[in-house]
Amino acid sequence: MPFFAYKARNARGELVEGVVEAADSGGVASQLFNTGITPLQIKLTSKPVSGDEMPWWQRLTAEKVLPIDVQLFSRQLYTLLKAGVPIMRGLAGLQESAVSQAFARLIQDLRETLESGRELSAAMRRHPSAFTAFYVSMVRVGEMTGQLDEIFLRLYTHLEFERDMRERVKTALRYPMFVVIAMVVAMAIINIFVIPAFAKVFAGFNAELPLMTRILIAVSNFAVEYWPALLLLLLLAVAAFRVFISTKNGKYAWDKAKLGIPIVGRIILKGTLARFSRSFALSSKSGVPVVQALNVVAQTVDNAYISSRIEQMRDGVERGESILRTAAVAGVFTPVVLQMIAIGEETGALDDLMDEIAAMYEHEVEYELKTLSSNIEPILIVGLGILVLVLALGIFLPIWDLGKVALRK
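Residues numbered from 1 in each chain as written. Predicted model: local features only at pLDDT ≥ 70, side-chain atom pairs only at ≥ 80, totals over all residues. Heavy atoms only, no water.

Peer 1: Outline the overall build of the protein, listing residues and values.
Peer 2: Counting its secondary structure elements, the protein contains 17 helices and 3 strands. By residue count, 40% of the 409 residues in the protein fall in the buried class. Of the contacts formed within the protein by residues at least 6 apart in sequence, a portion of 61% connects residues at least 24 apart. (Helix = DSSP H or I, 4+ residues; strand = E, 2+ residues; numbered from the N terminus. Buried < 20%, exposed > 50% of the residue type's maximum accessible area, 1.4 Å probe, protein only. Contact = heavy atoms within 4.5 Å.)

Peer 1: Describe in detail the packing of helix α14 (residues 323-330) against helix α15 (residues 335-347), supporting the description with residues and values.
Peer 2: Relative to each other, α14 and α15 sit at 165°, their axes nearing to 9 Å. Considered as vectors, α14 and α15 are oriented roughly antiparallel to each other. For the pair α14 and α15, the crossing hand works out as right-handed. In contact with I323, L324, A327 and A328 of α14, α15 contributes L338, I341, A342 and E345. Taken together, the residues of the contact of α14 with α15 sort by class into 7 nonpolar, no polar and 1 charged. (Axes fitted to C-alpha atoms, helices over the stretch in contact; angles between N-to-C directions. Parallel < 35°, antiparallel > 145°, perpendicular 65-115°, else oblique. Left-handed = near helix turned anticlockwise from the far one by under 90°. Nonpolar A, V, L, I, M, F, W, Y, C, P; charged D, E, K, R; others polar.)

Peer 1: Describe the packing of helix α3 (residues 67-82) against helix α4 (residues 87-97), and please don't skip the residues or the numbers.
Peer 2: Contact geometry of α3 with α4 gives a least axis separation of 10 Å together with a crossing angle of 140°. Viewed along their axes, α3 and α4 adopt a mutual orientation that is oblique. Two packed elements cross with a definite hand, and for α3 against α4 that hand is right-handed. Note on element contacts: α4 touches α3 through I87, G90, L91 and L94, opposite F73, Q76, L77, L80 and L81. Among the residues making up the contact of α3 with α4, the classes are represented as 7 nonpolar, 2 polar and no charged.

Peer 1: Can you break down the confidence of the model for the protein residue by residue, with the values?
Peer 2: Of the residues in the protein, 89% have a pLDDT of 70 or more, and the chain-wide mean is 81. For the protein, helix α2 (residues 56-61) is the element with the lowest average pLDDT, namely 53, and α3 is the one with the highest, namely 91. (pLDDT = per-residue confidence, 0-100.)

Peer 1: Which residues make up a nonpolar patch on the surface, and what are the values?
Peer 2: A surface patch of nonpolar side chains, about 820 Å² in accessible area, is lined by V169, L173, M177, I181, V185, I189, I192, F193, V194 and V224. For the nonpolar patch, the leading source of residues is helix α8 (residues 148-205), giving 9 residues. Inspection of the secondary structure assignment puts M177 in helix α8. For M177, a relative accessible area of 47% corresponds to the partly exposed category. (Patch = residues over 30% accessible without salt bridge, like charges linked within 9 Å, V, L, I, M, F, W, Y side chains within 5 Å. Areas by Shrake-Rupley, 256 points an atom, 1.4 Å probe, with all protein chains shown as cover. Salt bridge = Lys/Arg side-chain N within 4 Å of Asp/Glu carboxyl O.)

Peer 1: Give me the nonpolar core: which residues, what numbers.
Peer 2: Counting residues in each nonpolar core, the largest one holds 73 residues, and the members touching the most others are F73, M124, F131, Y135, F152, F276 and F333. When residues in this core are grouped by element, the largest group, 10 residues, is from α8. If near-sequence neighbours (up to four positions away) are discounted, F333 is found in contact with L273, F276, M313, A327, L338 and Y361. Listed in part, the 10 residues of the second largest apolar core include I195, F202, L216 and L391. (Core = buried A, V, L, I, M, F, W, Y, C linked by side-chain atoms within 4.5 Å.)

Peer 1: Before we move on, could you go through α3 and cite the residues and values that matter?
Peer 2: The end-to-end C-alpha separation of α3 is 23 Å, in line with the 22 Å expected for 16 residues at 1.5 Å each. Along α3, the positions that sit buried rather than exposed are D69, V70, Q71, F73, S74, L77, Y78 and L81. Of the residues one or two after α3, G84 is the one with positive phi, at around 85°. (Expected span 1.5 Å × (residues − 1).)

Peer 1: Residue-level account of unusual backbone geometry, with values.
Peer 2: Phi angles above zero are rare outside glycine, and I263 is one such case at about 70°. With a relative accessible area of 17%, I263 lands in the buried category.

Peer 1: So what's going on with the side chain of S277? Residues and values would help.
Peer 2: Note that S277 resides in helix α11 (residues 264-285). With residues up to four places along the chain from it excluded, the contact list for S277 reads M354, I357, A358 and Y361.

Peer 1: Report on the packing of aromatic side chains, specifying residues and quantitative values.
Peer 2: Counted according to the given criterion, the structure contains 9 aromatic pairs. Ring centres 6.1 Å apart and planes at 55° place the aromatic pair F73 and F131 in the tilted group. Highlighted residues: F73 in helix α3 and F131 in the loop between α6 (120-125) and α7 (133-145), separated in sequence by 58 residues. Taking the relative accessible area as the measure of exposure, F73 reaches 1% and is therefore buried. Using a relative accessible area of 2% as the deciding quantity, one classes F131 as buried. When the centroid spacing of 5.0 Å and the interplanar angle of 40° are considered together, the rings of F222 and Y226 count as tilted. Of the two residues, F222 and Y226 both sit in helix α9 (residues 211-246), 4 residues apart, roughly one turn of that helix. Each residue in the set F73, F103, F131, Y135 and F152 is aromatic and connected to the rest through ring pairs, giving one cluster. (Phe/Tyr/Trp six-rings, centres within 6.5 Å; stacked < 30°, edge-to-face > 60°.)

Peer 1: If you had to explain the side chain of R309 to someone new, which residues and values would you point to?
Peer 2: When you line up the elements, R309 lands in helix α13 (residues 304-318). One buried charged residue, R309, forms no salt bridge at all, with the nearest opposite charge on E311 at 8.8 Å. Setting aside chain neighbours within four positions, we find R309 in contact with Y252, A330 and V332. (Lys, Arg positive; Asp, Glu negative; His and termini not counted.)

Peer 1: Report on the environment of D352, specifying residues and quantitative values.
Peer 2: Of note, D352 is situated in helix α16 (residues 350-370). When its relative accessible area of 43% is taken as the criterion, D352 is described as partly exposed. With 74 residues separating them in the primary sequence, D352 and R278 have C-alpha atoms 9.9 Å apart.

Now the structure itself:
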C-alpha cells in the first residue's frame, strides 16, 4: 500500500505531522478521524519518513535515541501490557511522559504505523538505529505467540546485561587509557620543547654526540619540521581504517584480529559468547526454532567472525547435524561449554543450560575485567621504563660525558 504524508490538528488544536500507510487518501482521513485528529492536508509520498532517514546534516545535530531509552521503554511496555492496558493507549502515555524528544518522536511514529494496520515489529523495523534486528525479531515472536509482555521483560533483562557489560569495560579501561594518553602527551612535549633545547646546548660544545642522542635529535627535528604532514597522515590512516572496517571483508578481518590481541582478546571473545548464549537462551525460551534462533542471534553478537561461526552452526543444524557437532566445528567454545551443550541436547533443557553457559562466561568476563588493570600495569611500567632509559641514554649521557671533559680541562 502507498504512504501518505499528512498535516492535521489534534484535540488540543496543535499541529501534528506524520506518514501513514493506507489504500487511498480517504483511508488516511478515516484513520485520523478515528484517533481524534482532524486532517488539514494529505499528500502521497514515495516512502515513509522516520528519524533514521533525515538528511545527514540534520542527523549530526539531532538528538539521538540512547540504549537506556530503549531499555526503559521495554520495562514500561511490559508493565503496561501485564496490567492489561491496550498497546495504543500505552504508547500514547509513554510518548507524553518521554523525557527525550527524539524518543517521543520515535514512539509517535510507532503509533502512526500501528494505526495504519501494521504490526509493532514492522513499526520498530523502521528504526534500526534504536531497535536491533534481534530486538525486532523477539517482538515478532511475542506477537505470534501472544506473549508480548513476557518478551519485553526478557528484552529488558537482556539490555540490562549488555549495558552492565559496557560500563564494566569502560571502567576497566579508564586507568590504562589515561596512562597511555599521558605517555603520548609527554613524548610530544619532549620532542617539541625539551630535545630541541638540549640540542642547542650540545651544538655549542662542537663535540661528537652518542648515537642515541643523534637519533633523538633527528626524530625531534623531523617531528617539529613535518608535524602538519604527520598529523595529516595520521588522519588519513584513521579514515582509511574506518573505511576498511566498514566493508564486509574488512570488518571480518578486524573482528578476527581483535580476538588475538593479548589480554583484551580473550575478554572480547568471552563477552561475545556470553551475549550469544544469553540471546540463544532467550530465543529458545520464547519458542523460536533452533535454526531461526541461530539466524537471529548471529546478527546480535556484534562480531563478524563469531557471527560467521554461528551461521556455520545454523547451516549444520539445517543439514540435520546436532548442535554439539556444529559447536565443536565452530572452534570458539571451550570443552566445558561443549559438554554442557551435549547434556542440554540429551535432556532437552538446552535453553536452561545456555543460560548457565552465559552466566559462566559473564563471571569469567567480570573476573577478567577486575584483573585487567593489574595485567596491563606491567606492560605500562615496561613502556615507561624504556622511555626513561632512552631519554637517559640520549640526553643525560652526553651531559655526563661533557661534564667529565670539562673537569679534565
